[in-house]
Amino acid sequence: MNTAQRRHDVVIIGGGSAGISMAASLHRRRHSLDIAIIEPSERHCYQPGWTMVGGGVFSLAETIKPMKSVMPEHVTWYRAEARAFRPDEDQVELSDGTILGYQRLVVAPGLELNWDAVEGLSETLGTNGVTSNYHPDTAPYTWQLIQNLKSGTALFSQPPMPIKCAGAPQKAMYLACDHWMRQGVLGSMDVHFKNAGGVMFGVPDYVPALERYVERYHIHKDFQQNLIAVNGPAKKATFRDLSVEGEERFIECRFDMLHAVPPQRAPAFVRESVLANEAGWLDLDSETLQHPRYPRIFGLGDVSGTANAKTAAAVRKQVPVVADNLLASLDNQPLTAAYYGYGSCPLTVERGRIVLAEFGYGGQLQPTFPKWINDGTQPTRLAWMLKARYLPYIYWHGMLKGHEWLVKPGRRNAA
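Residues numbered from 1 in each chain as written. Predicted model: local features only at pLDDT ≥ 70, side-chain atom pairs only at ≥ 80, totals over all residues. Heavy atoms only, no water.

Visitor: What exactly am I supposed to notice about the layout of surface pockets here?
Guide: Regions of empty space are outlined by a rolling probe, equal in size to a water molecule, passed over the atoms. Within this model, the second largest pocket holds a volume of roughly 570 Å³. Lining the second largest pocket are 36 residues, and of these Met-161, Ala-166, Gly-202, Ala-307 and Ala-309 sit closest to its centre. (1 Å grid on protein atoms, 1.4 Å probe; cavity = no way out; pocket = protein on both sides within 12 Å on 5 of 7 lines; lining within 4 Å. Points joined across faces, edges and corners; volume = space filled by probe spheres on them.)

Here's what the structure looks like:
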């Protein structure tokens, strides 16, 4: 048994939206807490903004800040990676060999984009017409391609679930088509949505509005086709046809532009640990967000094995639940705060209008606003203003500072 070199009341793994917000919210509740954050990155990214970068609405610089500028002053920042869990000893091992002890651990490192799972994608990404809004370095290239393309074939891929922001693959497609329509060249474009799944969107209430835009832009829907290889110089993409069981069928498509989305998974130190569920994600109680076998451990964000959408909006709702329950756990009190799976996906169907999808576990609609203010099942200008103007401010100056606006946690057994 190794002795911890440093101990803290709360250790948080991850300095993304979940980790920073978690530290700020805990500090607001209890100033006396000794909190540490494990985060190796020197920059903090507002990832929901990358769709808008790829659509020519935001600049990349608007979505990235130095990590030190958002790191709360009251935390101890370990600029290393988490390498291994020792839950039986209440310890975490870091990549530099440091061993940290904790009273409570919050696991929020986000997920891993598995670019190498698609043969040839890493080598050609950012060149040869191959791009992705899921990478900050190539989101500007998406907009460059959209502006320069006047005719040809554009492919937009979506891998099997779960992925970060399930609507993002088609958001890129709609913004591209809207630009081409405004430029009068959409009729010369052959646009395909290559979706490994079988539906446009997992919550049926929002599908009719999306289908109207698919018809408006003359998009071909190619379901159950999973991107497995890209030949950038030849401008060819290979998809596995998932519609036929028991046999392997492949479809090769030539493209002028390919917006590729890679498969996604939990980081290795999570998926290969005792904290993971059978699918390799962090095992958590779906309401309390506490680990079912190690009660001193909580989690939130994209690494979670809960059935909610992996979005920043989900994190906003999860933070106060974990904060309340973690403090109750420290005080040996019952865990009463509940998370009911809320996630939001602002589906950017054109420049100036958004279908604001808000839903929880089982696809249950959970709108923030009354229908007379904003009908989330229809595209509205109000939702666009929220996404383009207000949400970045709320993120940088509210959420990361511990302000919990419109995210009061539910109470267990109250749903």
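Visitor: I would appreciate a short explanation of the nonpolar core in the present structure.
Guide: Note on soluble globular proteins: their nonpolar side chains tend to be buried together. Among the nonpolar cores identified, the biggest contains 65 residues, and Met-22, Leu-26, Ile-38, Leu-105 and Leu-300 are the most heavily contacted of them. Looking at this core element by element, the count peaks at eleven residues for helix α9 (residues 312–330). Contact partners of Ile-38, with chain neighbours within four places excluded, come to Val-11, Ile-12, Ile-13, Gly-14, Gly-15, Tyr-78, Ala-80, Glu-81, Ala-82, Val-92, Leu-94 and Leu-100. The next biggest cluster of nonpolar side chains, apart from the first, holds 55 residues, and it includes Ala-168, Met-189, Leu-210 and Phe-359. (Core = buried A, V, L, I, M, F, W, Y, C linked by side-chain atoms within 4.5 Å. Buried < 20%, exposed > 50% of the residue type's maximum accessible area, 1.4 Å probe, protein only. Helix = DSSP H or I, 4+ residues; strand = E, 2+ residues; numbered from the N terminus. Contact = heavy atoms within 4.5 Å.)

Visitor: Looking at this model, I keep getting lost on the side chain of Ser-21. Mind explaining?
Guide: Locating Ser-21 in the fold gives a position in helix α1 (residues 17–29). With relative accessibility at 1%, the residue Ser-21 sits in the buried group. The residues touching Ser-21, leaving out its near neighbours within four places in the chain, are Val-319, Met-399 and Leu-400.

Visitor: It is not clear to me how the sheet that holds strand β23 (residues 379–380) should be interpreted in this structure. Could you clarify?
Guide: What holds strands together in a sheet is hydrogen bonding between their backbones, with the strands either parallel or antiparallel. With respect to topology, three strands assemble into an open sheet ordered β21-β22-β23, the strand pairing being antiparallel. The two strands at the open ends of the sheet, each matched to only one other strand, are β21 (343–350) and β23. Across seven bridges, β21 lies against strand β22 (residues 353–359) in antiparallel orientation. From the neighbouring strand, Gly-343 faces β22, where its bridge partner is Phe-359. (Pairing = 2+ DSSP bridges.)

Visitor: For this particular structure, what's the right way to read the state of the cysteines?
Guide: Put plainly, two cysteines are in a disulfide when a covalent bond ties their sulfur atoms together. Scanning all chains against the criterion turns up zero disulfides. No disulfide involves Cys-165; its sulfur sits 3.8 Å from that of Cys-345, the nearest cysteine. This cysteine, Cys-253, is not joined by any disulfide, and Cys-177 carries the nearest cysteine sulfur, 16 Å off. Taking the relative accessible area as the measure of exposure, Cys-253 reaches 12% and is therefore buried. (Disulfide = S-S within 2.5 Å.)

Visitor: What is the right way to read the pattern of salt bridges from this model?
Guide: Between side chains of opposite charge, a pair can form as their charged atoms come close. Scanning the entire structure with this criterion turns up 21 salt bridges. Across the salt bridge formed by Arg-271 and Glu-112, the nearest N and O atoms sit 3.6 Å from each other. Highlighted residues: Arg-271 in helix α8 (residues 268–271) and Glu-112 in strand β9 (residues 112–113), separated in sequence by 159 residues. Here Glu-112 falls in the partly exposed class, since its relative accessible area comes to 25%. In this structure, Glu-211 engages Lys-221 in a salt bridge whose closest nitrogen and oxygen atoms are separated by 2.9 Å. Pair noted here: Glu-211 is in helix α7 (residues 207–217) and Lys-221 is in strand β13 (residues 220–223), with a separation of ten residues, a long-range link. The partly exposed category is assigned to Lys-221, whose relative accessible area is 35%. (Salt bridge = Lys/Arg side-chain N within 4 Å of Asp/Glu carboxyl O.)

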